[in-house]
Amino acid sequence: MMPKNILIIKHGAFGDMLQADGSIQDIKAHFKNSKIILLTTPTLEILYKKSPFVDSIIIDKRSSLFNIKTIFKFLTKIKNNKIDLVIDLQNSTRTRIYKFFLMPNISWISTFGDKKSVSGYLGQVEMLKKENIYLNKTYNPCVNWMVGNIDKQLKKLKIKKGYIALIPGSSEKNNFKRWPYYNKLYSLLKNSGFNVVVLIGPEDKKLKNDFNEYVIEPQTLLELAGYIDAASFVFGNDSGPTFLASYLNKFGRGIFGPQNPGRLTNMIRGNFKAIEAENMKFMKPEDVFQIIKKDLKYLP
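Notes on the structure in this doc start here. (Residues numbered from 1 in each chain as written. Predicted model: local features only at pLDDT ≥ 70, side-chain atom pairs only at ≥ 80, totals over all residues. Heavy atoms only, no water.)

**Description of the packing of aromatic side chains**
Two aromatic rings are characterised by how far apart their centres lie and by the angle between their planes. Summed over all chains, the structure comprises nine aromatic pairs. Relative to Tyr181, the ring of Trp179 has its centre 5.7 Å away and its plane inclined at 85 degrees; by these criteria the two rings are edge-to-face. Given the relative accessible area of 2%, Trp179 is considered buried. Aromatic side chains Tyr186 and Phe211 sit 5.4 Å apart centroid to centroid with 75 degrees between the ring planes, which places their arrangement in the edge-to-face category. You can see Tyr186 sitting in helix 7 (residues 182–191) and its partner Phe211 sitting in the loop between strand 7 (196–199) and strand 8 (215–216), a full 25 residues away along the chain. For the pair Tyr186 and Phe211, a shared accessibility class is recorded, and that class is buried. Chaining the aromatic ring pairs together yields one cluster made of Trp179, Tyr181, Tyr182 and Phe235. The ring centre of Phe100 lies 5.2 Å from the NZ or CZ of Lys99, which sits over that ring. (Phe/Tyr/Trp six-rings, centres within 6.5 Å; stacked < 30°, edge-to-face > 60°. Buried < 20%, exposed > 50% of the residue type's maximum accessible area, 1.4 Å probe, protein only. Helix = DSSP H or I, 4+ residues; strand = E, 2+ residues; numbered from the N terminus. Lys NZ or Arg CZ within 6 Å of the ring centre and 35° of its normal.)

**Considerations on helix 9 (residues 240–247)**
Across the eight residues of helix 9, seven count as buried, placing the element largely inside the fold. Within the sequence span of helix 9, burial applies to Gly240, Thr242, Phe243, Leu244, Ala245, Ser246 and Tyr247. Residues of helix 9 that are buried sit in contact with helix 1 (14–30), strand 6 (164–167), helix 8 (221–229), strand 9 (233–237), strand 10 (251–256) and strand 11 (272–276). Remark: Asn249 follows helix 9 within two positions and exhibits a positive phi of approximately 60 degrees. (Contact = heavy atoms within 4.5 Å.)

**Considerations on the packing of helix 8 against helix 9**
Relative orientation and spacing of two packed helices are given, respectively, by the angle between their axes and the distance between those axes. Two numbers describe how helix 8 lies on helix 9: the axes approach to 10 Å, and their chain directions differ by 55 degrees. Taken together, the axis directions place helix 8 and helix 9 in an arrangement best described as oblique. Crossing handedness for the pair helix 8 and helix 9: right-handed. Listed contacts from helix 9 to Leu224, Ala225 and Ile228 of helix 8 are Pro241, Leu244 and Ala245. For the contact of helix 8 with helix 9, the class distribution of residues is six nonpolar, no polar and no charged. (Axes fitted to C-alpha atoms, helices over the stretch in contact; angles between N-to-C directions. Parallel < 35°, antiparallel > 145°, perpendicular 65-115°, else oblique. Left-handed = near helix turned anticlockwise from the far one by under 90°. Nonpolar A, V, L, I, M, F, W, Y, C, P; charged D, E, K, R; others polar.)

**Focus on helix 3 (residues 68–80)**
Over its 13 residues, helix 3 runs 18 Å from end to end, which matches the ideal 18 Å to within 8%, given 1.5 Å per residue. Within helix 3 the residues assigned to the buried category are Ile71, Phe74 and Ile78. One face of helix 3 carries all of its buried residues, which in axial projection span an arc of 60 degrees. In helix 3, the exposed residues that point more than 90 degrees away from the buried face are Ile68, Lys69, Phe72, Lys79 and Asn80. Its buried side turned inward, helix 3 meets strand 1 (5–9), strand 2 (35–40), strand 3 (56–59) and helix 4 (93–102). Note on helix 3: the residue one or two positions beyond its end, Lys82, has a positive phi of about 50 degrees. (Expected span 1.5 Å × (residues − 1). Arc of directions from axis to C-beta.)

Okay, structure coming up:
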């Protein structure tokens, strides 16, 4: 029987969520008459309230599992939503505990017990294939629904669309993903007559002083998507906003170090390419500038 209420679990950072968004779209298409309920983190609530592929959201603050009051509230929400099937796109130790101790009587799709995949994204793909869920958007996600209208903001900042967007940040725990020469690249681009803006997030405040002007701090993920969509070219680290640029089919490049090669992600696709660096510190800004200049020649 077709399940009436499906719970999709996806925690993690914004980039991880983006890699799962296409899968959510394919799950919705496969179970077209089912209600899709997303269990996710508070930071993604406002964004996914806008998603046309999610019918409702349950927020998981991932409190201590020994907090009886919190667990009781959590289980009450699960019970009230009458979940028939759980599709676990997170496949973490925490969700394993949910399966075996909190929701043992609900059907569950996960990778528990499977051979570990080379990446979370590829493990997700293999899991859905095994369930005979047709994969389309998983490979080619369409996230145009995330784009917020930022025309008023651009007018106030006196910035025209079609700029080069630099994304110098990443999550603080993944500082090794940060290429350290964005300020020099910014100067090279500006001195060559290009319009450049710098997009930074809450964890990137310290980077603000590296640039003279046009540093933008989007207030929401919808606004961030708007600024990225207004760019003609995007260059960034292995981070959620750079994934978003790729999924919005922007022209651009992501820079990757040896710890997490670009080939293991779904970022490198379509108009978005990679720069692979054996050592991020030794990738000169002049070399990156020349690569970007060549790319810009092919913009439509």
